Amino acid sequence: GSNAFPWGSATKKIQWRINANSLGTVTSGNNITVIYFMMATSGTNTYPILNIGLKQGITQFAGGGNFETGFTNVFSGTNVTKTGTAGGWISFTLSTPFFYDPNQPLFIDVEQNASSATGMNQCQTSPAGPGSGRQYGNYGSTAYTGVDPTVAHFGIDVVPAVPCSSIPSANSV
């Protein structure tokens with residue numbers, strides 16, 4: 001399925017819950033450095049303000065009508081232009097790598113304030129199992145306007161979180 005939230009819609013804030021152990025064979029001890037969203041339709045939009053946050057350490061959205069808080073801001077951009085193609089991925093290189101534990105659910109917060117309600121649609125699915133889904137609403141709002149079991153087609157790049165023990169030799173990084 002597909003939905004315009006949040007890339008090409010007047011609904012400009014969305015939070016997704018990605019189930020634990022659902023992003024391939026990623027092991028513990030890695031930092032997420034790039035995130036990807038699969039597009040269902042083609043389009044281009046410029047986002048005057050675009051913020052992305054990630055969070056772990058909880059199992060479900062808090063509920064009660066308000067967006068989840070306490071996300072680590074991993075990407076902030078102004079006048080960010082993204083072009084997506086149907087079946088292709090848009091990516092965001094994180095300004096702050098995020099330590100990822102695949103044994104916990106991953107929560108994603110995306111918020112943008114483009115004046116245009118055009119752009120591309122996000123690929124999505126409604127997986128089996130409790131706790132998956134999204135909550136969505138307006139830019140800058142603390143309260144969401146809707147919830148459902150839909151999850152984004154989402155991907156990550158990771159690198160080991162262990163610091164280097166010595167200076168790498170030339171041309172080996």
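Parameters at a glance
- Residues numbered from 1 in each chain as written.
- Predicted model: local features only at pLDDT ≥ 70, side-chain atom pairs only at ≥ 80, totals over all residues.
- Heavy atoms only, no water.
- Pairing = 2+ DSSP bridges.
- Helix = DSSP H or I, 4+ residues; strand = E, 2+ residues; numbered from the N terminus.
- Buried < 20%, exposed > 50% of the residue type's maximum accessible area, 1.4 Å probe, protein only.
- Contact = heavy atoms within 4.5 Å.
- Polar contact = N/O pair within 3.5 Å; in protein donor to acceptor, adjacent residues only side chain to side chain.
- pLDDT = per-residue confidence, 0-100.
- Core = buried A, V, L, I, M, F, W, Y, C linked by side-chain atoms within 4.5 Å.

### Describing the sheet that holds strand β1 (residues 2-3)
Spatially, the 3 strands line up as an open sheet ordered β1-β8-β11, and their pairing is antiparallel. The sheet is open, and its two edges are formed by β1 and β11 (151-152), each paired on a single side. Two elements, strand β8 (residues 122-125) and β11, share 2 bridges in a ladder whose sense is antiparallel. Bridged to Q124 within β11 is A152.

### A closer look at the environment of T83
Structurally, the position occupied by T83 is in strand β5 (residues 72-84). Overall, the relative accessible area of 54% leaves T83 in the exposed class. Separated by 37 residues in the primary sequence, T83 and T46 have C-alpha atoms spaced 8.9 Å apart. In this view, T83 contacts G43, T44, I90 and M120; residues no more than four positions away in its chain are not counted. Reaching out from T83, the side chain makes a polar contact with the side chain of T44 at a distance of 2.9 Å.

### Points about the side chain of K13
Along the chain, the position of K13 falls in strand β2 (residues 13-18). Residue classification places K13 among the buried positions, given a relative accessible area of 8%. Polar side-chain contacts of K13 include one of 2.8 Å to the side chain of D109. Once residues lying within four places of it in the same chain are set aside, the contact partners of K13 are F67, D109, V110, E111, Q135, Y136, G137, N138, Y139 and S141.

### Digging into the confidence of the model for the chain
On average, residues of the chain score 89 in pLDDT, and 94% of them reach the 70 mark or higher. In the model of the chain, β1 stands out as the element of lowest mean pLDDT, 81, in contrast to strand β3 (residues 30-38), which has the highest, 97.

### Section: the nonpolar core
Core analysis: the biggest nonpolar cluster contains 33 residues, and W7, F37, L106 and I108 have the highest contact counts within it. Contributing elements (two or more residues each) for this core: β2, β3, β4 (43-55), β5, β6 (89-100), β7 (106-112), β11 and β12 (154-160). For this core, the element with the highest residue contribution is β6, accounting for 5 residues.

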